[in-house]
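Structural features, examined
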Amino acid sequence: MTADRLSRQLDRVRRSMPETPVMRLEHENVDLYAKLEFTNPNGSSKDRSAFWMLKQAVERGDINDRTTVVESSSGNLAVSMASLCRSLGVPFVPVIDPNCNAITEAYLRSVCDRVEKVTVRDSSGGFLATRLDKVTELRDEIASVYWPNQYANTDAIFGHYRLTGGELVRAFRRIDYVFVGTSTGGTIGGLSLRLKETYQGIRVIAIDAEGSAIFGGHPKKRRIPGLGSSITPELFDHALIDDVVVVPERDTVEGCRRLLRDHGIYAGGSSGTVYTAIERYFAGYRGRRPTVAFLCADRGTAYADTVYNPAWAASLSEDDTPSLELEVVHA
């Protein structure tokens, strides 16, 4: 009966997940569309991957009433997992770090009976390896545990293939370019597979943060959660990527402000990063107007004290490491 109860609840959750709207943005050179993923029930595109990973785990029997779910995340996946696990009646322990927004951490501590926060940086200057070490400790400590492992679990890919990608296919007769922020690889993996099998000639542009090691860059301290990684997650082996654009964090701030000022979209850090990449990718472009789509992965609320705070944003320029100019790497 456990599996039946969990499956029925997941079906109810699925019915509550609307198709997220697409908004056309004015642009001089392209037909630009933003898919507003922050309208998901828990405020981000991570609802899709979290839901699908939990759904598949329940169907395989990896999760039952005695299971505790443990995952490393300092952002939206933790929020989605916390909410979904609460609705299933399954305990969830997020492993977070100091880059976690204050609002996100407060929410997690209110909905989860236990939150683990690591504070020691790893050899790359980030916290990912430290968080994963803590996950290993918890898996040894807790009797019945399920680790979704968002960095290698292909269920995350198929969540975006079926849900996010399926909605884009239904919304557009043609897409010429899709710009996708990168972190664990689930979103770009699912979207690239679905869209390339649907739209001939579409180009998939991966957007990464300066200081991320995903595409071979030198890892360094990053302060804005949502994009980048100090490792190359296994899910990138499945992604079909044409170009990579690397954006400095200070330009993320400007991108967020332009989205809000010019289009009224109050979006999170990854959205500003992707918008900046699109603006510069098509600067001076002439020719047939291509159809360009991107995701606004989450809302700006959790970034009010950071990205949207002028004093905090000014502190980005005080980092010791000089920023690169926006860099396009042809994959």
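Residues numbered from 1 in each chain as written. Predicted model: local features only at pLDDT ≥ 70, side-chain atom pairs only at ≥ 80, totals over all residues. Heavy atoms only, no water.

In a packed pair of helices, the relevant descriptors are the angle between the two axes and the axis-to-axis distance. Contact pair helix H6 (residues 154-171) / helix H7 (residues 186-196): the axes reach a minimum separation of 7 Å and the direction vectors enclose 50°. For the element pair H6 / H7, the angle class is oblique. Taken as a pair, H6 and H7 cross one another with a handedness that is right-handed. Counting all contacts with H6, which are made through Ala156, Ile157, His160, Tyr161, Arg162, Thr164, Gly165, Gly166, Leu168 and Val169, the residues of H7 involved are Gly186, Thr187, Gly189, Gly190, Leu191, Leu193, Arg194 and Leu195. Broken down by class, the residue content of the contact of H6 with H7 amounts to eight nonpolar, eight polar and two charged. (Axes fitted to C-alpha atoms, helices over the stretch in contact; angles between N-to-C directions. Helix = DSSP H or I, 4+ residues; strand = E, 2+ residues; numbered from the N terminus. Parallel < 35°, antiparallel > 145°, perpendicular 65-115°, else oblique. Left-handed = near helix turned anticlockwise from the far one by under 90°. Contact = heavy atoms within 4.5 Å. Nonpolar A, V, L, I, M, F, W, Y, C, P; charged D, E, K, R; others polar.)

Let us now look at the environment of threonine 276. Structurally, the position occupied by threonine 276 is in helix H9 (residues 269-281). Given the relative accessible area of 0%, threonine 276 is considered buried. Along the chain, threonine 276 and proline 18 lie 258 residues apart, while their C-alpha atoms are 28 Å from each other. (Buried < 20%, exposed > 50% of the residue type's maximum accessible area, 1.4 Å probe, protein only.)

Another aspect to go through is the sheet that holds strand E5 (residues 116-117). Pairing is parallel across the open sheet formed by four strands, whose spatial order is E5-E4-E3-E6. Both edges of this open sheet fall to E5 and strand E6 (145-146), since each of them pairs with a single strand only. By the bridge criterion, two bridges tie strand E3 (residues 68-72) to E6 in an arrangement that is parallel. Residue pairing in the sheet places valine 69 in a bridge with tyrosine 146 of E6. Contacts from helix H5 (residues 128-141) reach E3, strand E4 (92-96), E5 and E6 within the one sheet, and its direction differs from that of E3 by about 165°. (Pairing = 2+ DSSP bridges.)

Given two aromatic rings, one states the distance between the centres and the angle between the planes to describe the pair. Applying the stated criterion across every chain, the model contains 13 aromatic pairs. A centroid spacing of 6.0 Å and a plane angle of 65° characterise the contact between phenylalanine 158 and tyrosine 161, whose relative ring orientation is edge-to-face. Pair noted here: phenylalanine 158 and tyrosine 161 are both in helix H6, with a separation of three residues, about one helical turn. With 5.6 Å between their ring centres and 85° between their planes, phenylalanine 215 and phenylalanine 236 make a pair best called edge-to-face. One end of the pair, phenylalanine 215, is in the loop between strand E8 (203-209) and strand E9 (243-247); the other, phenylalanine 236, is in the loop between E8 and E9, and 21 residues separate them in sequence. Among the aromatic residues, those joined into a ring-pair cluster are Tyr177, Phe179, Tyr281, Phe282 and Tyr285. Lying over the aromatic face of tryptophan 52, lysine 55 brings its terminal NZ or CZ to 4.8 Å of the ring centre. Between the NZ or CZ atom of arginine 194 and the centre of the ring of tyrosine 161, over which it lies, the distance is 5.1 Å. (Phe/Tyr/Trp six-rings, centres within 6.5 Å; stacked < 30°, edge-to-face > 60°. Lys NZ or Arg CZ within 6 Å of the ring centre and 35° of its normal.)

Across the protein chain, pLDDT averages 92, with 95% of residues at or above 70. Across residues 320-324 the pLDDT falls below 50, and counting only partners more than four positions away or on other chains, this stretch makes 10 contacts in the model. (pLDDT = per-residue confidence, 0-100.)

With 18 residues, H6 extends 25 Å between its outermost C-alpha atoms, agreeing within 8% with the 26 Å of an ideal straight helix rising 1.5 Å per residue. Those residues of H6 lying buried are Asp155, Ala156, Ile157, Gly159, His160, Tyr161, Leu163, Thr164, Gly165, Gly166, Glu167 and Leu168. Those residues of H6 hidden inside the fold are in contact with helix H1 (2-15), strand E2 (31-36), helix H2 (46-60), H7 and strand E10 (291-296). (Expected span 1.5 Å × (residues − 1).)

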